[in-house]
Each structure stands twice: as C-alpha cells, then as structure tokens.
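# Remarks on the overall topology
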Amino acid sequence: MNTEENKNSFDWVWYIMGMIAGMLAVIAVTFHVGYILLGGIIGFILGAAFLNGVVKGRQY
C-alpha cells in the first residue's frame, strides 16, 4: 500500500459502524451499561473481521 492509499484509507469507518451496530443491538434488548459496552467491543471485532475477510480482497 503506498502513501496515497494510506492517506485516504477509510478502514476506520468499518470499525465504528460495527461498534455502533453492536451497541444498538444490545440497547434494543437491554439498557445495562456493561452489556452495551460488551456489544460495542463485539461489534468492533466483527467489523474488523468483515474488513479483513470480505473488503480486503476486493479490487477497486
């Protein structure tokens, strides 16, 4: 990856989207703060797995 690609990388968007989706899924079920944080962490991990597994192999 060259410096131009590093400068315009939007990989962080997938992590944030996963985190928010995980938190919203837990909020829909319960409002316990501990579970909301756990849902955010799990969503972050799933976002990273999606990025490395699905999006990484695409050619633009």
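Residues numbered from 1 in each chain as written. Predicted model: local features only at pLDDT ≥ 70, side-chain atom pairs only at ≥ 80, totals over all residues. Heavy atoms only, no water.

This paragraph deals with the packing of aromatic side chains. Scanning the entire structure with this criterion turns up two aromatic pairs. When the ring of Trp14 is compared with that of Phe50, the centres are 5.0 Å apart and the planes differ by 50 degrees; the resulting orientation is tilted. One end of the pair, Trp14, is in helix α2 (residues 11-29); the other, Phe50, is in helix α3 (residues 33-55), with 36 residues separating them in the sequence. (Phe/Tyr/Trp six-rings, centres within 6.5 Å; stacked < 30°, edge-to-face > 60°. Helix = DSSP H or I, 4+ residues; strand = E, 2+ residues; numbered from the N terminus.)

Here the focus is the confidence of the model for the chain. Scored by pLDDT, the chain comes out at a mean of 84, with 80% of its residues at no less than 70. Confidence scores differ between elements of the chain, with helix α1 (residues 3-7) showing the lowest mean pLDDT of 56 and α2 the highest of 92. (pLDDT = per-residue confidence, 0-100.)

Here α2 is 19 residues long and its end C-alpha atoms lie 29 Å apart, about the 27 Å a rise of 1.5 Å per residue gives. Here α2 has its buried residues at Gly18, Gly22 and Val26. All buried residues of α2 lie within an arc of 60 degrees about the axis, which places them on one face of the element. Of the residues in α2, the exposed ones pointing more than 90 degrees away from the buried face are Trp12, Leu24 and Ala28. As for α2, its buried residues are in contact with α3. (Expected span 1.5 Å × (residues − 1). Buried < 20%, exposed > 50% of the residue type's maximum accessible area, 1.4 Å probe, protein only. Arc of directions from axis to C-beta. Contact = heavy atoms within 4.5 Å.)

A few words now on the packing of α2 against α3. Packing of α2 against α3 brings their axes to within 6 Å, and their N-to-C directions diverge by 140 degrees. Here α2 lies oblique to α3, going by the angle between them. Relative to α3, α2 is oriented so that their crossing is right-handed. Of the residues in α3, those in contact with Asp11, Trp14, Tyr15, Gly18, Met19, Gly22, Met23, Val26 and Ile27 of α2 are Tyr35, Ile36, Gly39, Gly40, Gly43, Phe44, Gly47, Ala48, Phe50, Leu51 and Val55. Split into classes, the residues belonging to the contact of α2 with α3 amount to 13 nonpolar, six polar and one charged. (Axes fitted to C-alpha atoms, helices over the stretch in contact; angles between N-to-C directions. Parallel < 35°, antiparallel > 145°, perpendicular 65-115°, else oblique. Left-handed = near helix turned anticlockwise from the far one by under 90°. Nonpolar A, V, L, I, M, F, W, Y, C, P; charged D, E, K, R; others polar.)

Taken together, the side chains of Phe10, Trp12, Ile16, Ile20, Leu24, Ile27 and Phe31 make up a nonpolar region of the molecular surface, amounting to roughly 770 Å² of accessible area. Tracing the chain through its elements places Ile16 in helix α2. By relative accessible area, which is 37% here, Ile16 ends up partly exposed. (Patch = residues over 30% accessible without salt bridge, like charges linked within 9 Å, V, L, I, M, F, W, Y side chains within 5 Å. Areas by Shrake-Rupley, 256 points an atom, 1.4 Å probe, with all protein chains shown as cover. Salt bridge = Lys/Arg side-chain N within 4 Å of Asp/Glu carboxyl O.)

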